[in-house]
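# Commentary on secondary and tertiary structure
If you want the building blocks of each chain, they are given just below.
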Amino acid sequence: VGESLKGTYTKDKVSITELPDVSRIEEIEIASEDFMNFMSDAFSLDLFDKGKLSVGESVTIITPLNVPIGPYQFTIDLENTYTLLKIKSKKAEFTIVSKVEMSSDFPEVKFEAIGDGSGKCSYDFKNKRIISRTTELAIAMTAKFSEDAEMTIIQKATTLETTKIK
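All of the points below concern the structure found in this document. Since the model is a prediction, treat every value here as computed from it, not as a measurement.

Rules of the game
- Residues numbered from 1 in each chain as written.
- Predicted model: local features only at pLDDT ≥ 70, side-chain atom pairs only at ≥ 80, totals over all residues.
- Heavy atoms only, no water.
- Pairing = 2+ DSSP bridges.
- Helix = DSSP H or I, 4+ residues; strand = E, 2+ residues; numbered from the N terminus.
- Axes fitted to C-alpha atoms, helices over the stretch in contact; angles between N-to-C directions.
- Phe/Tyr/Trp six-rings, centres within 6.5 Å; stacked < 30°, edge-to-face > 60°.
- Buried < 20%, exposed > 50% of the residue type's maximum accessible area, 1.4 Å probe, protein only.
- Contact = heavy atoms within 4.5 Å.

The strand order across the open sheet formed by six strands is β4-β5-β6-β7-β8-β9, and the pairing between neighbours is antiparallel. In the strand order of this sheet, the two ends are held by β4 (58-69) and β9 (149-162), each with one partner. Averaged over all neighbouring strand pairs, the angle between strand axes comes to 10°, with direction disregarded. Sheet topology note: the strand β7 (residues 110-124)/strand β8 (residues 129-146) ladder contains 15 bridges and is antiparallel. The residue of β8 that forms the bridge with Ala113 is Met141.

What follows is the structure in structure tokens.
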């Protein structure tokens, strides 16, 4: 079961007061238009490579993410390969194969993660949006503190996402 952002939404701004798994944060204010544009860009994908994808063909999208923590960086690369299964009623069905790699430049701890997964999604042609997606992802994260101290965490997650277009 996932958690949601907690806060308020008004006509002019989104005010986020609590994030999942964070006990206390300062209030963050984001203009509603900026937040909606960010969310729109995050979920808008051209899976058809400008109309050139046929049944059985694939498109790969790599999403890089750099997360600064103080003077250091976490680098995360998520690679999703979407293979077109069928087209019906202005919607397309895809299978998804995912790979993730993560590293950091922390000098005290060598941190790495790798993972893979699979899933499926339904895609709306008109709005260039994934309207439903189910994925399973397994990630092995390793933190090496010294030559004789290492910690490995294996995480498995199943995600169901849906989007309503009005």
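Moving on to the environment of Ile61. Looking at the element boundaries, Ile61 is found in strand β4. It is 5.8 Å that separates the C-alpha atoms of Ile61 and Glu79, two residues lying 18 residues apart in sequence.

This brings us to the packing of aromatic side chains. If you walk through the whole model with that rule in mind, you get two aromatic pairs. Taken together, a centroid distance of 6.2 Å and an interplanar angle of 90° make the contact between Tyr82 and Phe94 edge-to-face. With Tyr82 in strand β5 (residues 72-88) and Phe94 in strand β6 (residues 91-104), the pair connects residues that are twelve residues apart, well separated along the chain. Taking the relative accessible area as the measure of exposure, Phe94 reaches 1% and is therefore buried. Judged by centre distance (6.1 Å) and plane angle (80°), the rings of Phe94 and Tyr123 are edge-to-face. In this pair, Phe94 is assigned in strand β6 and Tyr123 in strand β7, connecting sequence segments 29 residues apart. Both residues of the pair, Phe94 and Tyr123, count as buried. Grouping aromatic residues by their ring pairs yields a cluster made of Tyr82, Phe94 and Tyr123.

To continue, consider the environment of Asp116. The residue Asp116 is located in strand β7 in this model. The exposure class of Asp116 is partly exposed, given its relative accessible area of 48%. Asp116 sits 15 residues away from Glu101 along the chain, and the two C-alpha atoms are 9.0 Å apart. Apart from residues lying up to four places away in sequence, Asp116 is in contact with Ser98, Lys99, Glu136, Leu137 and Ala138.

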